[in-house]
Amino acid sequence: MQSTAHDFKHNVDDALADPNLQDSLSKLKVGFSERRRQAAERLPEFEALRDAARDIKNHALANLDFYLEEFERKVAGLGGHVHWAPTAADARRIIADLCRSVGAKTVAKSKSMVSEEIALNDHLEALGIAPIETDLGEYIIQLRHEPPSHIIAPAVHLTKDQVADTFLEHHRALGFTKRLTERNDLVAEARHVLREKFLKADVGLTGANFLVAETGSSMLVTNEGNADLSNTLPRMHIVLASIEKVIPTLEDAAVLLRVLARSATGQESSSYTTLNTGPKRPDDLDGPSQYHVVILDNGRSSVLGTKMQDMLRCIRCGACMNHCPVYGAIGGHAYGWVYPGPIGAVLTPQLIGVEEAGNLPNASTFCGRCESVCPVRIPLPNLMRHWREREFERHLTPRAVRQGLALWSFAAHRPKLYRRLSGLANRLLALFGRAHGHYRTLPLAGGWTRFRDLPAPPAGGTFHAQWARHGGARTRP
Amino acid sequence: MSPTARSQILDGIRRSLHRGELSGAARQAAEARLGAPPRGPAVARGQLPPAERTVLFRQWAEFNNATVVRAAPSEVAAEVAAYLARNNLPAEAAMAPSPQLDAYDWAGQPMLSLRRGAARGSDHVSITGAFAGIAETGTLVMASGPDHPVSLNLLPDTHIVVLREADIVGGYEEVWAKLRQRYGKDRMPRTVNTITGPSRTGDIEQAIELGAHGPRRLHIVIVGE
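These numbers were taken from a predicted model, which means no experiment stands behind them.

1. So, the overall build of chain A
(1) Moving on: For chain A, the helix and strand inventory stands at 22 helices and twelve strands.
(2) Moving on: In terms of principal-axis extent, the alpha carbons of chain A reach across some 90 × 55 × 45 Å.
(3) Moving on: Residues counted as buried form 50% of the 477 residues belonging to chain A.
(4) Moving on: Across chain A, every contact between residues at least 6 apart in sequence was considered, and the portion connecting residues at least 24 apart equals 74%.

Right, here's the structure in full:
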C-alpha cells in the first residue's frame, strides 16, 4: 500500500480529533491487554515458553537458508510448488500468473499482512481479478476502501454503527435493505454474503503463521474459519509467506502456538489452527488440486546478521500495539503503512526506508510495555532507539530539534554555563506564575499547553542549587 | 520457478549471516533437530493420567463454548438424534464416511436422515469423528482423508464430533507423535485442522460473536468403552 508514514504528524492530529476512532480505542485499552494478562496467569509455564519461543526463532533465523530449502524439498515431494519472490513486485507477478493459469475471476483471501505489504489487491483488481477479503474485519475495511489499522483486528478503529452503515450501503443491492443494530446480526449477514463468494471462488489465498520445515506444512491460526474455507473450497490454494516464517519442527510450532494466541487475544487457543501440506490426495473428497507457496524476502534477508535481526522473530500477535500508550491514543492508521504500533515503528523504516518512516520510532515514550509483553522478547525500545540514531546520523531529524540538541550539548559540556542558564530559566519561569503550580499558557510551549497544563518547577531554585544548599557532596565509590 | 530468484534469496541470507551454505557441526545440529525434534518446556496440565485428562479436556472445551456429553458406543446415535431435537435442529446431517462412525447404531434412529460424503453449502449439520483430542486446551484434531472431508468441519452451522476417549491426549506433542505413527515421519495428511470451540470473531468492537464462517455450535460426544 501507499505509505503516508512521512506525514505522521498530520496523521496524528487527525487521529486525535476523530471521535469515532477515540471511542473505539477506549475499548482497546481494557479488552486485549486484560485478556492477555488473565491468559498468561492461567499458564504457570508462560514465561518459560516465551524464552523457548525466542530461542526457537533465533535458531531458525541463524539457519534460515537450510530450513527454507528443507521446507521446499518437502513441499515438492508432495506435489506442491514453492515460488521464490525477492521483491514485492516478484510476488505480485507470481500470484497473478498463478491466478491467470486457472482463469481465475475471483480470489477468496484470508487475512494476510504480507499481501497488504505487497499491495496485492490493487494489482489483482487492475488485472480484472476480484480479490475478496473473507476475514470479517478485512471484509469491512475492503468495503470502506481503508487499510487495516491493527495486524490482528483490522477494523478495530470502527464502531458498530459505522459497520452497520457500511453494510447497508454495500449489501442493499444484494437484498439486505434493513440497517442492523446488533453485532450478531451484522456477523450473520456478512457470513451469508461471503458464503456465496466462497463457493464460487477459483483461488484461495492465505498467509501463514509458520512454515514447518520438517513436514513442508504451512500453519495458519484463525478464529473465524475463513482461512480454512479458503484453503479447502477453491481448486487452487496459494500461501503467501515471508522468509522468516519458517521454523524447524512441529514441536517448535507447539511452543509458539502456546504463546501466540495468549499474547494476541488472550485465548487459550485460537478456534482454528490448520496445517496444510500439499494438494488434495487422490482419494480425498475435497481440497485444492494445486498447492503453491510464495516465499517473499522484500528486504528481510539484509536484516539478518545485523543489530536489527531481532525484529525478524516477530510472530505478529499484536500484543505490542495492544499495550502501547501511543497506539492507544492514535490507532493504527496514523502510522501510515501496513504495520502499526511498536513493531511497525521498527519494521517500517526497514521495509520502506528511514527517509519515509523515520518519524515512527520517535513515537514512543520508551515505557517498555511492548517489550515486557512480546512473546518472543523482541527488545522493541532498543530497536526504536537504533532507528532514532540512524535518523540523526543521516540528518533527517528536523532542524529545530537538531539545533536544540546542539545548544543543549554545548551547555551541558560547560557546567558553569549550564548552571547559570538553568538558574536564569528557573527564575524566569517563577515570574510567569509559579504560584498556581502550573501554567495554562507559556511562550514557546504552546504545543504542550494547548492540550494540558505544564507543571511549574518547584520553589527553591534548580536541582543543582538545592543540592548545594543541602550540603550535597559528590559521592565516590 | 526461477532459479535466479531462489539463489538471490538464499545467497542473500548466507551473505548476511557471513557464511556459505550451512555446513559442519551447525548443519548436523539442524539435521538432528529435524530427525528427532526436541520438545519445549513441559506444560504440567498436559501431563495428567487418562481419567483426569478427560475431565480437563471437557473443562477447556466448555470454556471455549463447545458442549460436551459422554456416551457409551451403543448410545452415540441416540445422543446425536436427541441433541438435534433438543436444539430444534433438522434431523438431517452430512456424515463423514468413516468405518468408526458406521459402527454406531444409526439404524436405531429412523427419524435421522444421513448422507455420507463431503459437505455442501446447504448442509445444516455435520457429524464427524476426530483423530485426537487435546486435554491441555480442549482442542479437537481432525486429519483429512477419504474418511474425513475437511468441508464437514467448516461449512455446516452445527458440527457434531464423536471423539473416542482413548484418543484424548495431553498436549500437541502427543498429537504429533500419533500423526507420525499413523502417516509416517515427515508425512502428513493434506490438512490437519485443530479446532477449539465454535467459529468466532471479535472484529466488531472486540466483542466475541460465535459462528463467523464456520460452525456456530460444536457438540462433542466423548465415547467411553
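2. Quick notes on the overall build of chain B
(1) Moving on: The secondary structure content of chain B amounts to six helices and twelve strands.
(2) Moving on: With the principal axes as the frame, chain B shows a C-alpha extent of 70 × 40 × 40 Å.
(3) Moving on: With 225 residues in all, chain B has 49% of them scored as buried.
(4) Moving on: For chain B, restricting intrachain contacts to residue pairs at least 6 apart in sequence, the fraction spanning at least 24 positions comes to 73%.

3. Points about the domain arrangement of chain B
(1) Moving on: Segmentation of chain B into domains returns domain 1 (3–35) and domain 2 (48–223).
(2) Moving on: For domain 1 of chain B versus domain 2 of chain B, the distance between C-alpha centres works out to 41 Å.

4. Observations regarding the nonpolar core
All names here are of chain A.
(1) Moving on: Formed by 185 residues in total, the largest nonpolar core has its most connected members in Leu256 and Val294.
(2) Moving on: It is helix α12 (residues 250–264) that contributes the most residues to this core, ten residues altogether.
(3) Moving on: Not counting chain neighbours up to four residues away, the residues in contact with valine 294 comprise His83, Ala85, Ala91, Ile94, Ile95, Ile238, Val239 and Leu240.

5. Structural notes on the environment of arginine 191 of chain A
(1) Moving on: Within the secondary structure, arginine 191 of chain A sits in helix α10 (residues 183–200).
(2) Moving on: Using a count of 24 C-beta atoms within 10 Å as the deciding quantity, one classes arginine 191 of chain A as buried.
(3) Moving on: C-alpha separation for the pair arginine 191 of chain A and isoleucine 151 of chain A, spaced 40 residues apart in sequence, amounts to 21 Å.
(4) Moving on: If we ignore the near neighbours within four places in the chain, the residues touching arginine 191 of chain A are Gly211, Ala212 and His213 of chain B.

6. Details of the domain arrangement of chain A
All names here are of chain A.
(1) Moving on: Per the domain assignment, the segments making up chain A are domain 1 (5–299), domain 2 (302–393) and domain 3 (414–469).
(2) Moving on: One C-alpha centre belongs to domain 1, the other to domain 2; they are set 21 Å apart.
(3) Moving on: Among the secondary structure elements, those contributing two or more residues to the side of domain 1 that touches domain 2 are α1 (8–16), α2 (19–42), α3 (46–62), α6 (113–117) and α12.
(4) Moving on: The dominant element in the side of domain 1 that touches domain 2, judged by the number of residues it contributes, is α2, at seven residues.

7. Focus on the interface of chain A and chain B
(1) Moving on: Between chain A and chain B, the residue contacts involve 80 residues of the former and 68 residues of the latter.
(2) Moving on: Broken down by element, the side of chain A that touches chain B gets its largest block of residues, eight residues, from α10 of chain A.
(3) Moving on: A class-by-class count of the residues in the side of chain A that touches chain B yields 32 nonpolar, 27 polar and 21 charged.

8. Here we look at helix α19 (residues 399–412) of chain A
(1) Moving on: The end-to-end C-alpha separation of α19 of chain A is 20 Å, in line with the 20 Å expected for 14 residues at 1.5 Å each.
(2) Moving on: Sparse coverage of α19 of chain A is indicated by the burial of zero of its 14 residues.

9. A look at the sheet that holds strand β4 (residues 203–206) of chain A
Residues and elements named next belong to chain A.
(1) Moving on: Pairing is parallel in the open sheet, where six strands are placed in the order β1-β10-β7-β4-β2-β3. With one partner strand each, in any of the chains shown, β1 (81–85) and β3 (130–133) form the two edges of the open sheet. On average, each strand axis in the sheet is inclined to that of its neighbour by 25°, with strand direction left out of account.
(2) Moving on: Relative to strand β10 (residues 290–296), β1 is paired through five bridges, and the arrangement is parallel. Considered in β10, the bridge of tryptophan 84 is made with isoleucine 295.

10. Observations concerning the sheet that holds strand β3 (residues 113–116) of chain B
All names here are of chain B.
(1) Moving on: In spatial order, the strands read β1-β12-β7-β4-β2-β3; together these six strands make up an open sheet with parallel pairing. Looking along the sheet, the strands with just one partner apiece sit at the ends: β1 (67–71) and β3. Sheet twist, expressed as the mean angle between neighbouring strand axes with direction ignored, is 25°.
(2) Moving on: In the sheet, strand β4 (residues 125–129) pairs with strand β7 (residues 158–164) via five bridges, with the strands oriented parallel.

11. Looking at unusual backbone geometry
All names here are of chain A.
(1) Moving on: One non-glycine residue, asparagine 298, lies in positive phi territory at about 50°.
(2) Moving on: Within the secondary structure layout, asparagine 298 lies in the loop between β10 and α13 (319–322).
(3) Moving on: Residue classification places asparagine 298 among the buried positions, given that 20 C-beta atoms sit within 10 Å.
(4) Moving on: Positive phi, normally seen in glycine, also occurs at arginine 377, with a value near 50°.
(5) Moving on: Residue placement: arginine 377 occurs in the loop between α17 (369–373) and α18 (380–393).

12. Some remarks on the confidence of the model for chain B
(1) Moving on: Looking at chain B as a whole, the pLDDT averages 95, with 99% of positions reaching at least 70.
(2) Moving on: Predicted complex metrics record ipTM = 0.96 and pTM = 0.92.

13. Some thoughts on the packing of helix α15 (residues 341–352) of chain A against α18 of chain A
Residues and elements named next belong to chain A.
(1) Moving on: Axis separation between α15 and α18 bottoms out at 9 Å; the angle between their running directions is 40°. When the interaxial angle is binned, α15 and α18 end up oblique. Every pair of crossing elements has a handedness; the one defined by α15 and α18 is left-handed. For the pair α15 and α18, the contacting residues are Pro342, Ile343, Ala345, Val346 and Pro349 in the first and Leu380, Leu383, Met384 and Trp387 in the second.
(2) Moving on: For the contact of α15 with α18, the per-class residue count stands at nine nonpolar, no polar and no charged.

The rules we used
- For every chain, the first residue of its written sequence is number 1, and the numbers climb from 1 along that sequence.
- Each chain takes a letter, starting from A, and each ligand takes a number, starting from 1, following the order in which they are written.
- Restriction of local features to residues with pLDDT of at least 70 applies here, the model being predicted, together with a cutoff of 80 or more for giving and counting side-chain atom pairs; totals for whole chains, interfaces and linings are based on all residues.
- Helix and strand labels come from DSSP, where a helix needs a run of H or I of at least four residues and a strand needs a run of E of at least two; each type is numbered from the N terminus.
- In this scheme every C-beta is placed from the backbone, and a residue whose C-beta has 20 or more other C-beta atoms within 10 Å is buried, one with 12 or fewer is exposed, and one in between is partly exposed.
- We call two residues in contact if the C-beta atoms placed from their backbones are at most 7 Å apart.
- Source of the domain bounds: an automatic or database domain assignment.
- Here a nonpolar core is just a set of buried residues of the types Ala, Val, Leu, Ile, Met, Phe, Trp, Tyr and Cys, joined wherever their C-beta atoms sit within 7 Å.
- Classification convention: Asp, Glu, Lys, Arg as charged; Ala, Val, Leu, Ile, Met, Phe, Trp, Tyr, Cys, Pro as nonpolar; all other residues, Gly among them, as polar.
- By this rule the span expected of a helix is its residue count minus one, scaled by 1.5 Å.
- Pairing between two strands is assigned when DSSP locates at least 2 bridges connecting them.
- Every axis corresponds to a line fitted to the C-alpha atoms, with the helix fit spanning only the stretch in contact, and the corresponding angles, defined between N-to-C directions, vary from 0 to 180 degrees.
- Every residue gets a pLDDT, meaning the predictor's confidence in that residue, from 0 to 100.
- Reported orientations rely on four angle classes, namely roughly parallel under 35 degrees, roughly antiparallel over 145, roughly perpendicular from 65 to 115, and oblique for the rest.
- Handedness of a crossing is defined here by the sense of rotation of the near helix relative to the far one, left-handed for an anticlockwise turn of less than a right angle and right-handed for a clockwise turn.

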